[in-house]
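An overview of the molecular structure
Here are the chains, one letter per residue:
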Amino acid sequence: MTTTLRPDGDEETAANQGRTRRWHIMVNGHQVGGLRTTAWPREGYCAGEISELQVTEGRRRGRGTVAALAAEEVLRSWGCTRVDVMVPAEAEAGLHLARALGYTERMRSMAKSLAELPPLPAELTDRQIGPDEYPAWERKSIAGYRQDLIDSGFGDAEATAKADHDHRRALPDGPDTPDTVLRYLLDADGNILGCLWVALRQDSLPDGRPLAWVMLVEVDPGQRGHGYGRTLMRLAERECLAAGVHDLGLTVFADNGVARALYESLGYRVTARRLTKPLL
């Protein structure tokens, strides 16, 4: 039996200047499922993604494997040097397939529904990151994100391009970007302990409710181990509830066990795993 991909309609423009196409999975001319390929060409790199993979007939016959490999060839032809797949937390079969094809887990998405306003330690305060402070904060944040990408398997040039692009897309107006929380956490003497960045309406849930997203929680290296990361997360939850947003998500790098343990202790649960693979 021969498994191939057949276009399901024309190629479309994806969000953020990408390109995307839906495909039928065919076996000897008979449709047995489908998938989508998406690419985001950027200066210095091109990222790809395989999504919506579903085999509706003849599961466990290797059709998903062959279809995924064919999708990788599509993304190569589109100039992609890396491909990601997002696997829902409950999709054990999808996770097994991705790992069998050489994908490694890079990030986890986690989320929590917010109800009660969490308390903050009385001796700590917070304030907005001012416009004069923003350039230095931005440089440090981009550098930290770049290093995280390198640690997760990206090459230097690819990580540099992605870190710069992602950061500037998320904050097009800098500290004046709408629905954005940028705050420093301070001790009683006004010393900076860490920083917080939250996008208050990053996305929406299937029922239309807004979903906020923690973009960055960073405790200064010399201040770690004192629970300030937990305080910053509580501050994020307070900011969301004050804005009328009751669902908060975040992404954590898979190898950051300390952060994962913190989020789990605060009630955040894994919703999806992002796995990646270089296209050689």
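This one's a predicted model, so the numbers in the text were calculated from it and none came from an experiment.

1. Some thoughts on the environment of Gly 18
- In this structure, Gly 18 sits in strand 3 (residues 18-27).
- Counting along the chain gives 111 residues from Gly 18 to Ile 129, while the straight-line C-alpha distance between them is 32 Å.
- Those residues in contact with Gly 18 that lie beyond four places of it in its chain are Glu 12, Thr 13, Ala 39, Trp 40 and Pro 41.

2. Some thoughts on the side chain of Asp 84
- Here Asp 84 is to be found in strand 6 (residues 82-88).
- Residues within four places of Asp 84 in sequence aside, it is in contact with Gly 48, Glu 49, Ile 50, Arg 106, Arg 274, Leu 275 and Thr 276.

3. Notes on the packing of helix 3 (residues 134-151) against helix 4 (residues 156-170)
- Where helix 3 meets helix 4, the closest approach of the two axes is 8 Å, and the angle between their N-to-C directions is 135°. Regarding the angle of helix 3 to helix 4, the classification is oblique. Here the hand of the crossing between helix 3 and helix 4 comes out right-handed. The residues of helix 4 that touch helix 3, namely those facing Tyr 134, Trp 137, Glu 138, Ser 141, Ile 142, Tyr 145, Arg 146, Leu 149 and Ile 150, are Asp 156, Ala 159, Thr 160, Lys 162, Ala 163, Asp 164, Asp 166, His 167 and Arg 168.
- By residue class, the composition of the contact of helix 3 with helix 4 is eight nonpolar, three polar and seven charged.

4. Notes on the environment of Tyr 184
- On the secondary structure map, Tyr 184 appears in strand 9 (residues 180-186).
- With eleven residues separating them along the chain, Tyr 184 and Cys 195 place their C-alpha atoms 4.4 Å apart.
- Those residues in contact with Tyr 184, other than ones at most four positions away along the chain, are Thr 125, Asp 126, Arg 127, Ile 129, Glu 133, Trp 137, Ile 192, Gly 194 and Cys 195.

5. Details of the pattern of salt bridges
- Within the structure shown, the criterion is met by 25 salt bridges.
- Note that Asp 166 and Lys 162 form a salt bridge whose closest N and O atoms lie 2.9 Å from each other. Of the two residues, Asp 166 and Lys 162 are both situated in helix 4; the distance of four residues between them amounts to about one turn of the helix.
- A residue is classified by how much of its surface remains accessible, and Asp 166, at 15% relative accessible area, is buried.
- Look at Lys 162 and you get buried, because its relative accessible area is 14%.
- Note that Arg 209 is salt-bridged to Asp 247, the shortest N-O span being 2.5 Å. Separated by 38 residues along the polypeptide, Arg 209 in the loop between strand 10 (192-204) and strand 11 (210-219) and Asp 247 in strand 12 (residues 247-253) bring together distant segments of the chain.
- With a relative accessible area of 6%, Asp 247 lands in the buried category.
- If you follow the salt bridges from partner to partner, you end up with Glu 12, Arg 22, Arg 36 and Glu 52 in one network.

6. A word on the nonpolar core
- In this structure, Val 198, Cys 240, Leu 248, Leu 250, Tyr 263 and Tyr 268 are the most contacted members of the largest nonpolar core, which totals 28 residues.
- Sorting elements by how many residues they give to this core places helix 5 (residues 228-242) first, with seven residues.
- If near-sequence neighbours (up to four positions away) are discounted, Val 198 is found in contact with Asp 179, Thr 180, Val 181, Ala 212, Trp 213, Met 215, Ala 236, Cys 240 and Leu 248.
- In this structure, Val 27, Cys 46, Cys 80 and Ala 98 belong to the second largest nonpolar core, which totals 26 residues.

7. Concerning the side chain of Thr 276
- Within the element layout of this structure, Thr 276 appears in strand 13 (residues 269-278).
- What makes Thr 276 buried here is its relative accessible area of 2%.
- There is a polar contact of 3.2 Å between the side chain of Thr 276 and the side chain of Arg 82.
- With residues up to four places along the chain from it excluded, the contact list for Thr 276 reads Arg 82, Val 83, Asp 84, Gly 102, Tyr 103, Thr 104 and Arg 106.

8. As for helix 6 (residues 257-265)
- Along helix 6, the positions that sit buried rather than exposed are Ala 259, Arg 260, Leu 262 and Tyr 263. Here the buried residues of helix 6 occupy an arc of 160° about the axis, which is enough to place them on one side.
- Taken together, the buried residues of helix 6 touch strand 7 (104-113), strand 11, helix 5 and strand 12.
- Looking at the residues trailing helix 6, positive phi occurs at Gly 267, about 100°.

The rules we used
Residues numbered from 1 in each chain as written. Predicted model: local features only at pLDDT ≥ 70, side-chain atom pairs only at ≥ 80, totals over all residues. Heavy atoms only, no water. Helix = DSSP H or I, 4+ residues; strand = E, 2+ residues; numbered from the N terminus. Contact = heavy atoms within 4.5 Å. Axes fitted to C-alpha atoms, helices over the stretch in contact; angles between N-to-C directions. Parallel < 35°, antiparallel > 145°, perpendicular 65-115°, else oblique. Left-handed = near helix turned anticlockwise from the far one by under 90°. Nonpolar A, V, L, I, M, F, W, Y, C, P; charged D, E, K, R; others polar. Salt bridge = Lys/Arg side-chain N within 4 Å of Asp/Glu carboxyl O. Buried < 20%, exposed > 50% of the residue type's maximum accessible area, 1.4 Å probe, protein only. Core = buried A, V, L, I, M, F, W, Y, C linked by side-chain atoms within 4.5 Å. Polar contact = N/O pair within 3.5 Å; in protein donor to acceptor, adjacent residues only side chain to side chain. Arc of directions from axis to C-beta.

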